[in-house]
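Results of the structural survey
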Amino acid sequence: MTKRILTVLLTTLLAVTVWAQSSSVLDQLKTDPRKAYGTDYPYAFNDVRLTPTPAGYLPFYISHYGRHGSRYYWNGFLYKELDSLLTTAHNRRQLTTEGEAFFERFETAKQELMTGVSELTDLGWEQHQRIARIMYNNFPEVFSSGGNVLAISSLTGRCVLSMSAFCQELVQCNPKIEIREQSSRFTLDGVVPGDRQNPVKHDFPKYKPRYENNRDQFTGKDSLGSIVIRRVFTNTEGLPGDIRRIGENLINLYTSLPNIGHEGMMGNLITDEEIANRWESSNLGAYSWLFPDQYVMIPILEDIIRKTDAVLDGSSDRIADLRFGHDNCLGPLTILMGINGADLDPEDPYEVKNCYQSWETCKASNLQLIFYRRQNGNGDILVKCLLNGEEATLPVPTTCAPYYKWTDFREFYKKRCNSVKN
């Protein structure tokens, strides 16, 4: 009888915990519907209160991975297809009054959009400046005496410029900081391992998330694309493009606009609340996109461990190692590392939102590992993980969260990496 009661209590507790997590995630969307933009969400600079440093400890080294900042849409097809579509509809008088107003605003900005394809915007530059200054202010002990920093970037221009913005700001904070910036095929393994130009070739396994076996259980319907089409066009007969793709293009343009300084271009054709209502479905898509590449990011995690080892054994004098890449690296890396439970891989599609939220891989999203040691030189090295500036949990055992012993961190992730490679 006692065992049965205990089982019921545990089951009830689990149900309550799951409900609380789900409620918390959806409440965040109510507070800020733009989080539903997912990977298009511009970085949010929230007021964050960090846990006090353990007594007798000081931070001394930071290992970092950051996604590039806000940019124009990543390829030109979106702008070209919309240009062809809207122009044809305008000439054939198939635009609604609101659609016509949107077309005129799009026409005004069209040349800028097509020229700017994939490039970093001013907002993207400013995001990395602010993140760098916050890092400096949060951990002045790391930077106050100056020191050497290595920054590596993918070969893509928006990542190189994000790196430059970040590094320039650090030097503005303290001119004694010496930073070497590198965007090179030699360092791709530590920042974008899957890049075709990476001379180091890997063959890591890829798996789909388990929820996909039960995807038919997800009953959320996403009809926003067809709704927006009806708001833009009086009819779509004879217009170029597949109807579903037209709807997705319009939604993708809308969520990209805050990143490029063109909010309001689409008027009232779409609302943030409507984007929020479809988020759970789009979040499933993001998880399915990022999950399979988690093991491809093993070289980044190994780079983090190797460079930290070098600092600790004295063969490196760096105070920070910085990496600048893409969402399709940082997202899988957070899953590989199980940050905030991202590696839980639930079977229930409705549980995915509780372990991964697409806005965590927003523009300028970043991972910071902060390392601490005792002032007297004795005791364990500790490490704390920040995701987008907020303290995050790891699947590493600890008795002093959000701090983890470096030896436990290293052993846990070395074992995880080696289990995949072996």
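The following paragraphs examine the structure supplied in this document. (Residues numbered from 1 in each chain as written. Predicted model: local features only at pLDDT ≥ 70, side-chain atom pairs only at ≥ 80, totals over all residues. Heavy atoms only, no water.)

1. Structural notes on helix α12 (residues 327-337)
- Along α12, 10 of the 11 residues are buried, which leaves the element largely enclosed by surrounding structure.
- All buried positions along α12 are accounted for by Asp327, Cys329, Leu330, Gly331, Pro332, Leu333, Thr334, Ile335, Leu336 and Met337.
- Where α12 ends, the next residue or the one after it, Gly338, has phi of about 65°, a positive value. (Buried < 20%, exposed > 50% of the residue type's maximum accessible area, 1.4 Å probe, protein only. Helix = DSSP H or I, 4+ residues; strand = E, 2+ residues; numbered from the N terminus.)

2. What to know about the side chain of Asn75
- If you trace the backbone, Asn75 turns up in the loop between β1 (57-67) and α2 (77-91).
- A relative accessible area of 14% places Asn75 in the buried class.
- In terms of polar contacts, Asn75 uses its side chain to reach the backbone amide nitrogen of Phe77, at 2.9 Å. (Polar contact = N/O pair within 3.5 Å; in protein donor to acceptor, adjacent residues only side chain to side chain.)

3. So, the environment of Thr334
- Positionally, Thr334 belongs in helix α12.
- Since its relative accessible area comes to 6%, Thr334 is described here as buried.
- In this structure, the C-alpha to C-alpha distance between Thr334 and Phe291, residues 43 residues apart in sequence, is 9.6 Å.
- Aside from chain neighbours lying at most four places away, what touches Thr334 is Ile339, Ala342 and Leu387. (Contact = heavy atoms within 4.5 Å.)

4. What about helix α3 (residues 97-116)?
- With 20 residues, α3 should reach 28 Å at 1.5 Å per residue; the first-to-last C-alpha distance of 28 Å fits that figure.
- At Ala109, α3 shows its maximal kink, close to 55°.
- Every buried residue belonging to α3 is among Gly99, Phe102, Phe103, Phe106, Ala109, Leu113 and Gly116, and all of these are buried.
- Next to the buried residues of α3 lie α2, α7 (224-232) and α8 (243-256).
- Positive backbone phi, at 75°, marks Ser118, one or two positions downstream of α3. (Expected span 1.5 Å × (residues − 1). Bend = angle between axes of the 7 residues up to and from the residue.)

5. Some thoughts on the pattern of salt bridges
- All told, the structure shown has 25 salt bridges when counted by the stated rule.
- Of the charged contacts in the structure, one is a salt bridge between Glu212 and Arg215, with a shortest N-O distance of 3.9 Å.
- What makes Glu212 partly exposed here is its relative accessible area of 25%.
- Overlapping salt bridges bring together Asp303, Arg306, Lys307 and Arg323 as one network. (Salt bridge = Lys/Arg side-chain N within 4 Å of Asp/Glu carboxyl O.)

Everything listed is a geometric property; what it means functionally is a separate question.
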